Amino acid sequence: MLVSGTIATRTTVRLSNAVVRFAGDSGDGMQLAGDQFTTQSAMAGNDLATLPDFPAEIRAPAGTLAGVSSFQLHFSDQDIHTPGDAPDVLVAMNPAALMKHLESLKPGGTLIVNSDAFGDRNLTKAGYEANPLEDDALTDYQVHEVQITTLTLRALEGHIERGELNKKEAERCKNMLALGLVSWMFSRPIDETETWLQTKFASKPDVADANITALRAGRNYGETTEAFVFTYEVKPAKLPPGRYRNITGNQAVAYGLIAASVRSGLPLFYGSYPITPASDILHELAKQKHFDVSTFQAEDEIAAIGSVIGAAFGGSLAVTASSGPGIALKTEAMGLALVMELPLIVVNVQRGGPSTGLPTKTEQSDLLQILHGRNGEAPIPVVAASSPSDGFDAAIEAARIALTYRTPVVLLSDGYLANSAEPWNLPDVDSLPDLTEVFAFTTEPNGPDGEFLPYLRDPETLARPWALPGTAGLEHRIGGLEKEADTGHISYEAGNHHAQTLLRHERVQRIADDLPPLEVEDPSGDAQILLVGWGSTEGPIRAACHEVRQKGIPVARIHLRHLSPLPNDLDDLLKAYPQVLCPENNMGQLAMHLRARTLVDVQTYDRVTGQPFSSSELVEAIEALVTEVPA
Amino acid sequence: MTTNDAKLTKKDFTSDREVRWCPGCGDYAILATVQTLLADAGARPESTVFVSGIGCSSRFPYYMDTYGIHSIHGRAPAVATGLAIARPDLDVWVITGDGDGLSIGGNHLMHALRRNVNLNILLFNNEIYGLTKGQYSPTSPLGSKHKSTPMGSLDRSINPVSLALGVEATYVARSIDTDRQHLTEAISGAYEHRGASFVEIYQNCNVFNDGAFMALKAPDQKEHNQIRLRQGEPITFGPDNERAVVAEPDGSMSFMDTREAGDRVVVHDAHREEPTTAFALSRLSHNPTGPTPIGIFRDVERPVYDDMLRDQVQEAVDTKGEGQLTDLLSSGNVWDVED
Ligand code: SF4
C-alpha cells in the first residue's frame, strides 16, 4: 500500500529490549541490512547479540525455502547474552521467508512484508496454496504490507532515467529501503549507514547514491505513512565503562592470534585451506600483514597443518584453522605435532556434521573428535571460546599453553560464534599476558657432554627445548617415530614406549596445575542444580539461569574454558550438587566425558538443530529437572 | 643457499646414527654424495634442514648431522614449504620417494613445484614400495608383477620428470644413484638454484626390485641407453654418438642416425623459458628400460613464492607502518561508555 500524506503525532514506546529479524532470499541482501542495523544499535549504546543464518549455497534457487537467508539482532538496555528467542519484528522479503520464519514471530509481533513479492510463482515456490496476505493466516500479528520493491524503484526513477543503473540494479537496493524503514521504527539515525555505503561503494558512486536514496526513502516512508502508529526506542545499556566496538567470533580469534604474536614477539604464520565457517579468519589475517603476519593458502587441509609444523619448527607462532571435515584430514599431522612437541594452534570452527553436514550451521559435535580422534594415545590441550568477543582471550590462552608447554593446542569455536557479533569492551593492550615470559629459544647445548638433547625436559612443565635451525651445535632430527627419553633417538623398546606414553599424558595433565579455580555462579549459595557448559552455549545457559532464579529456582553455573586437561577442582564441584545438567549442541559429548572422569550422573540436554539454544528451551529443561527432585 | 668460509668435510654432515638401509641399497651412494657435495659447496650444517616423509629414503635426515624432520607420509613438501616461508636463511631439502612423493603426496609435490618454493626436492625413484616390502609403486612399469600385482599391474606409470615439467618446475634434473659425478652435478645445480628444484634419482632397491635400472647402469648397456643432456650441445648418444635426438613435426621427439639427422639434431638448452621442449625430451622414455635422457632438463629463473610472500609482508609494513595492537582493536566503529 502506498500512502501519501503526513501525520502529526506518533507515540514512541520505550522498550527494554527487542529482537528484529530480517529474512529474505539469499540475493536480497539481508545479511548486509542486518549488519548495518547492528552497527546502528551498537552506536546507540545498546548491548546486543546477532544470529546470521544463511544457506550453504551461494545462490540457492530464488524464492525457495532453501534459499532463505536471515539475520536476527537482539538489542537491549540491559546486559544480554543471546541473540534472542522469538523476534518482535519480522521483515519478510518474500513468501518463502514468511513461510520459514512466521512460526517463530511472537504472537502480536510486528510483521513487515514486501507485498510485491507475493505473486503466484513465489507463493507456489514457498509452498503456499493461498496468499497469506489475503486470508486470515496473519490475524495474530500486526501486519504491514509494504510494496518494498515498488517503493524502491519509484525512489530510484531518476537514477534509472539518468542511466546510472538499470532496473535490476535499482531493485537490489530494496534491502536498504527495508533497513531505512526499520531504522525509523526504532528511532535510529541512519548517517552511519550512509557513511558506510559511501565507503563500500567508493568506486561506484552511482550505486552508493542509489542505496542511500533507497535507505532514506524507507525512513521517509515510515515517517509519512499512517500505517505505523508506534515507534520504539531502546535506551543505551549500562555496560561497564570503556571503549567498545562490535566484533564477530572469527574476527576476535584473528585479533587474538595477532595479539599473541605481538605479546610473544614471534611472527605469526597462518596456513589454512578455505572452509566454511573458518575462512573469515584467513581473510582477516591476510589484511593484517603489517603485523608481520604470513598467510599461506595451502593446497589442502593436510598441507595447511604441514606448513604450520614447518613454521613452528622454524620459530613462528604457527596456526591453522578449519572446521570438522578439515580437522578430520588434519588428525594425522596433529599427532606428528604432538610427538614433535612443537607449539602450534589448531582452530576448529565447528559446524553441523557428520561428513559435509551443515556447512553454515552451528554445532558443538567435534568435541570428542578433538579430544580423542587421533591414532594412538594422543593427548592435546583444548580450550574453547564462549562468546564472539571471547575468541580474543581464548586465542591468547591457546597461545600461552602452546608456548609454555611446547604442544599443539586446539581452540574450539563454532559457526554461531564465528558469524555473530556483540559489543566488545576493548582490553588495555598493556594488560594482556606477556608471552615472552613463558618460553625461550634454546641457544646452548644442554647435555652433560656438550651435546644437545632435544627431549631433555623442563622438570616443572615437562616442556622440551625449542631449538631453532640456524643455531650451531643444536642440530637435531625429530619425527613421528617413538623416541628415547632425552636424546629423542628412535626407540622401539617396549618399556620406553610405555614411559613416553605416560609422559605425554602427564605433560598435558600438568597444565591443569596452573589454571585458576573455576568460577561458580551460585548467587543464593543454596542451589541444588549445577549447570555445566562449554563454548557458545554460555549465553543461553547464563540467560536461562537468570530466568529460573527469578522464578525462585536456585541454580548454579560453571563454564569450562579448558576441556583438556579439565580443571583440577572440577570433580569436587560436580560432586557437591545433587543434580548436574550439561546442555550441549551435540548428543552429550562433554557429559560423557565428565561422567567417565568423575562418575557423576551428569544429565544431558542435547539438540542439534544447527541453531544455538534458545534460553526458553533451557529454562524448560531446568524446570523439568526440578520436578524430578524428590520432595 | 648458505655459504661460509670455514671449510667443512663430509664428516661434518654425518650424524652418529647407524645407517640402517639394507646392505647394497642405492640410498648409501646418494647419502655419501650429498654429504660430500654439501661440504664442498660450503653449506653449513646448522643452516641446513632435511625434511622427509615416509619410506626407506625418508630415513635420510637421521643420517645427516643437520636439522631434520622425519614427517608423515607424503607431506614433506608441505612441512618444508612452511619452514621455507618462515625462514629465508635456511637451505631446506625434501627427501622423498616414488610412493611418498608421487602417490600419497603427489598433491603436495605438484604444488610446491608450481609455486616455486625455495626447496631442493630429491625424489629417490626405485619403482617399488620398499618399506612395506615390495608392492608396485606409481613408477613401476605397466604390467609389473609384485606382491600386490601377481598378474601384473594395471595402471600406467608416472614419469616424474614429465610431471615436474608439466607444473613448470623451474629446475628439473634426473640422475643415477651410483653415478657419483653426474649425481653431484645434478644435485649441486639444485642447491645453486633459487626456487623449487626437483631431482629424480634412479635408485636401486636391491631387495625388492633389483636391477630396475640396468639398462642405464650395466657396462654393456649404459652407453647405448644414457642420453646425456649437456647445455648447449647437440643431443646425441651411443658409444660413438651415432644416435641423435630430433624434433618431429608434431612436437614430439624421436631418435635418428646422427649422420642422417644433420642439423635436425636438437641442441639442449635448459634455460628455455618454455618448458615444452624439455617436456618433449622427457617423453623419450617412459620407464628407463631403453634410451633415457639424464641430466638437467630445465633450469630457469622465476620469482620465488616465499620471497614474494615475505615481500608482501614488507610492503604492508612499508605502506601501513608496523602494526599497532591498539589501532587494530579500535578499528571500525567504536563508542565510549562513560562511568
Ligand atoms: S628395501 Fe630396498 S630401498 Fe629399502 S633399504 Fe632395502 S634396498 Fe633400500
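The structure displayed is predicted, hence computed values, not measured ones. (Residues numbered from 1 in each chain as written. Chains lettered and ligands numbered in written order. Predicted model: local features only at pLDDT ≥ 70, side-chain atom pairs only at ≥ 80, totals over all residues. Heavy atoms only, no water.)

1. What about the overall build of chain A?
The helix and strand inventory of chain A stands at 21 helices and 22 strands. Taken over C-alpha atoms, the radius of gyration comes to 27 Å for chain A, in line with the 25 Å a tight globule of 631 residues would show. By principal-axis analysis of the C-alpha atoms, chain A measures approximately 95 × 70 × 45 Å. Relative to all contacts within chain A whose residues are 6 or more apart in sequence, the contacts with residues 24 or more apart total 76%. Of the roughly 23,600 Å² of accessible surface on chain A, 51% is carried by carbon and sulfur atoms. Here chain A contributes 48 positive and 81 negative side-chain charges, whose respective centroids are spaced 4 Å apart. (Helix = DSSP H or I, 4+ residues; strand = E, 2+ residues; numbered from the N terminus. Rg over C-alpha atoms; globule rule 2.2 N^0.38 Å. Contact = heavy atoms within 4.5 Å. Areas by Shrake-Rupley, 256 points an atom, 1.4 Å probe, with all protein chains shown as cover. Lys, Arg positive; Asp, Glu negative; His and termini not counted. Charge placed at Lys NZ, Arg CZ, Asp CG, Glu CD.)

2. Considerations on helix α1 (residues 30-43) of chain A
One turn of an α-helix holds 3.6 residues; hence residues three or four places apart share an orientation. Residues and elements named next belong to chain A. The end-to-end C-alpha distance of α1, which contains 14 residues, comes to 20 Å, matching closely the 20 Å that a straight helix rising 1.5 Å per residue would cover. Of all 14 residues in α1, 10 are buried, a share of seventy percent or more. Listed as buried for α1 are Met 30, Ala 33, Gly 34, Gln 36, Phe 37, Thr 38, Thr 39, Gln 40, Ser 41 and Ala 42. Where α1 ends, the next residue or the one after it, Gly 45, has phi of about 85 degrees, a positive value. (Expected span 1.5 Å × (residues − 1). Buried < 20%, exposed > 50% of the residue type's maximum accessible area, 1.4 Å probe, protein only.)

3. Some thoughts on empty space enclosed by the protein
Gaps left between atoms show up when a probe the size of a water molecule is rolled over them. Following the criterion strictly, the structure yields six cavities of 30 Å³ or more and no others. Empty space within the largest cavity amounts to approximately 80 Å³. Among the elements of the structure, β3 (47-53) and α16 (415-419) of chain A are those that each provide at least two residues to the lining of the largest cavity. When the residues that make up the lining of the largest cavity are grouped by side-chain class, the tally is four nonpolar, six polar and two charged. Roughly 60 Å³ of internal volume is contained in the second largest cavity. Surrounding the second largest cavity, B:His268, B:Asp269, B:Ala270, B:Arg272, B:Glu274, B:Pro275, B:Thr277, B:Ala278, B:Leu281, B:Phe297 and B:Arg298 form its lining. When residues of the lining of the second largest cavity are assigned to their parent elements, the largest contribution, three residues, is made by helix α10 (residues 276-282) of chain B. A breakdown of the residues in the lining of the second largest cavity according to their chemical character gives five nonpolar, two polar and four charged. (1 Å grid on protein atoms, 1.4 Å probe; cavity = no way out; pocket = protein on both sides within 12 Å on 5 of 7 lines; lining within 4 Å. Points joined across faces, edges and corners; volume = space filled by probe spheres on them. Nonpolar A, V, L, I, M, F, W, Y, C, P; charged D, E, K, R; others polar.)

4. Brief notes about the domain arrangement of chain B
Residues and elements named next belong to chain B. By the assigned domains, chain B splits into domain 1 (10-233 + 269-306) and domain 2 (234-267). Domain 1 and domain 2 are separated by 27 Å when their C-alpha centres are compared. Listed as interface residues are 14 residues of domain 1 and, on the opposing side, 13 residues of domain 2. Around 1,200 Å² of area is buried between domain 1 and domain 2 when both sides are counted, 70% of it from carbon and sulfur atoms. Inspection of the domain 1/domain 2 interface yields zero salt bridges. For the pair domain 1 and domain 2, the number of links is three residue pairs in polar contact (both at pLDDT 80 or more). The set of elements that each furnish at least two residues to the side of domain 1 that touches domain 2 consists of α8 (219-225), β7 (226-229) and α10. (Domains from an automatic or database assignment. Buried area = accessible area lost by both parts, 1.4 Å probe. Salt bridge = Lys/Arg side-chain N within 4 Å of Asp/Glu carboxyl O. Polar contact = N/O pair within 3.5 Å; in protein donor to acceptor, adjacent residues only side chain to side chain.)

5. Some thoughts on a negative patch on the surface
Negative charge collects at one region of the surface, where A:Asp120, A:Glu134, A:Asp135 and A:Asp136 lie side by side. Tracing the backbone shows A:Asp136 in the loop between α3 (120-126) and β7 (142-146). (Patch = residues over 30% accessible without salt bridge, like charges linked within 9 Å, V, L, I, M, F, W, Y side chains within 5 Å.)

6. Considering the pattern of salt bridges
All names here are of chain A. This model, assessed by the stated rule, comprises 39 salt bridges over all chains. Arg 162 serves as the salt-bridge partner of Glu 164, at 2.7 Å between the closest nitrogen and oxygen. Among the residues examined, Arg 162 registers a relative accessible area of 53% and is labelled exposed. The salt bridge involving Arg 510 is made with Glu 506; its shortest N-O contact spans 2.8 Å. With relative accessibility at 24%, the residue Arg 510 sits in the partly exposed group.

7. Concerning the layout of surface pockets
Residues and elements named next belong to chain A. Considering only enclosed or pocket space, the second largest pocket measures out at about 1,300 Å³ in volume. As for the second largest pocket, its lining consists of 50 residues, and the residues nearest its centre are Ser 386, Asp 390, Glu 538, Arg 542 and Arg 561. Those elements giving two or more residues to the lining of the second largest pocket turn out to be β3, α15 (390-405), α16, β16 (421-425), α18 (538-550) and β19 (555-560). Residues of the lining of the second largest pocket, tallied by class, amount to 24 nonpolar, 11 polar and 15 charged.

8. Some words on the side chain of B:Thr292
Residues and elements named next belong to chain B. By the secondary structure assignment, Thr 292 is in strand β11 (residues 292-299). A distance of 3.4 Å separates polar atoms of two side chains, one belonging to Thr 292 and the other to Ser 285. Those residues in contact with Thr 292 that lie beyond four places of it in its chain are Arg 174, Tyr 202, Leu 216, Asn 225, Gln 226, Ile 227, Ser 285 and Asn 287.

9. Let's talk about the environment of A:Thr609
Residue and element names in this part refer to chain A. Inspection of the secondary structure puts Thr 609 in the loop between β22 (603-606) and α21 (615-628). Separated by 246 residues in sequence, Thr 609 and Glu 363 have C-alpha atoms that sit 8.0 Å apart. For Thr 609, the side chain forms a polar contact with the main-chain nitrogen of Gln 611, separated by 3.2 Å.

10. Some words on the sheet that holds strand β2 (residues 17-25) of chain A
Strands in a sheet are paired, the pairing made by backbone hydrogen bonds, and the direction either parallel or antiparallel. Residues and elements named next belong to chain A. Strand order in the open sheet formed by six strands is β3-β4-β2-β5-β6-β7, with mixed pairing between adjacent strands. At either end of the open sheet lies a strand with only one pairing partner, and these are β3 and β7. Each neighbouring strand pair of the sheet contributes to a mean axis angle of 10 degrees, computed without reference to strand direction. By the bridge criterion, four bridges tie strand β5 (residues 89-92) to strand β6 (residues 110-114) in an arrangement that is parallel. (Pairing = 2+ DSSP bridges. Axes fitted to C-alpha atoms, helices over the stretch in contact; angles between N-to-C directions.)

11. Concerning the domain arrangement of chain A
All names here are of chain A. Taken domain by domain, chain A holds domain 1 (2-234), domain 2 (245-438) and domain 3 (529-628). Here the C-alpha centre of domain 3 lies 25 Å away from the C-alpha centre of domain 2. Taken residue by residue, the interface counts 28 residues in domain 2 and 21 residues in domain 3. At the boundary of domain 2 with domain 3, total buried surface from both sides reaches about 2,000 Å², with 58% on carbon and sulfur atoms.

12. Some thoughts on unusual backbone geometry
Residues and elements named next belong to chain A. Of the consecutive residues Gly 353 and Pro 354, the connecting peptide bond is found in the cis state with omega at 0 degrees. Mapped onto the elements, Pro 354 comes out in the loop between β13 (344-350) and α14 (367-372). Geometrically, the link from Ser 564 to Pro 565 is a cis peptide bond, its omega value of -5 degrees lying close to zero. Note on placement: Pro 565 falls in the loop between β20 (562-564) and α19 (570-575). For Arg 406, which is not glycine, the phi dihedral falls at a positive 50 degrees. Tracing the sequence through the fold places Arg 406 in the loop between α15 and β15 (408-414). Despite not being glycine, Leu 599 shows a phi value in the positive range, around 60 degrees. Of note, Leu 599 is situated in the loop between α20 (589-598) and β22. Residue classification places Leu 599 among the exposed positions, given a relative accessible area of 76%.

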